[in-house]
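Below are the chains, spelled out letter by letter.
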Amino acid sequence: VSRLFYQDRLTTAESVGNRVALASPLGNGGVFSIDSSPVGPRVRRALGSSRVNDVHVKIIEDLLAELDSGEAMTGTGIRVAVISPFRGQARALRKRLGDRYHGRGVEVTTSHRAQGDEAAIVILDLTDAPGLPISGFLRANNEAEDGARLLNVAMSRARHQLYIVGAME
């Protein structure tokens, strides 16, 4: 992030090296990719022009359940941010997760609203999949475009773990 978006002007604080790794149901590491392609995701329009991907909503619900049943979310103060570039998808996620995670440190938001915030765990829902042409969010060709900047915002909010949910095909 520092090299691509900030010309290496950002430096990592020494305290980052002392962080204790959080457990993950997907193995060791800090960045995880979850490919929804094998289960046939489809994206559709909602809220006028916004996008919704019901398969991704289910994947994220299942991932949160796994994180919740393991060690990742059991620590005090563990915040989880579920981020999508689309208001329609954020709304579908909030509706599906309902009261299950309300008040438990899980926040669902859009890339636009995530700016300036951090969470121990970030689940980035790319949302795009077959069904509609790929959005400008994922079509960005350079770091100056809005899509690339919003992707940077979403990914750089993670303090410990980043899960990227997408139709990787």
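Higher on the page you've got the structure.
A brief report on the enclosed structure follows. (Residues numbered from 1 in each chain as written. Predicted model: local features only at pLDDT ≥ 70, side-chain atom pairs only at ≥ 80, totals over all residues. Heavy atoms only, no water.)

Re unusual backbone geometry
Next, step 1: The backbone phi angle of Thr127 is positive, close to 70°, even though this residue is not glycine.
Next, step 2: Counting through the fold element by element, Thr127 comes out in the loop between β6 (119–125) and α4 (136–139). (Helix = DSSP H or I, 4+ residues; strand = E, 2+ residues; numbered from the N terminus.)

Points about the pairing of strand β7 (residues 158–166)
Next, step 1: Alignment of strand β1 (residues 31–35) against β7, held across five bridges, turns out to be parallel. Across the sheet, the residue bridging to Ser33 is Ile164, located in β7.
Next, step 2: Relative to β7, β6 runs parallel, the two sharing six bridges. Directly across from Leu124, in β7, lies its bridge partner Ile164. (Pairing = 2+ DSSP bridges.)

Some thoughts on the sheet that holds β7
Next, step 1: Here five strands make up an open sheet; going across it, the order is β1-β7-β6-β4-β5 and the pairing parallel. Strands at the two margins of the open sheet, each flanked by one partner only, are β1 and β5 (106–110). Strand-to-strand, the axes of this sheet are offset by a mean angle of 20°, without reference to chain direction.
Next, step 2: As judged from the five bridges shared by strand β4 (residues 80–84) and β5, these two strands associate in the parallel manner. Across the sheet, the residue bridging to Val82 is Val108, located in β5.
Next, step 3: Sheet contacts for helix α3 (residues 87–97): β4, β5 and β6; angle to β5, the most-contacted strand, approximately 160°. (Axes fitted to C-alpha atoms, helices over the stretch in contact; angles between N-to-C directions. Contact = heavy atoms within 4.5 Å.)

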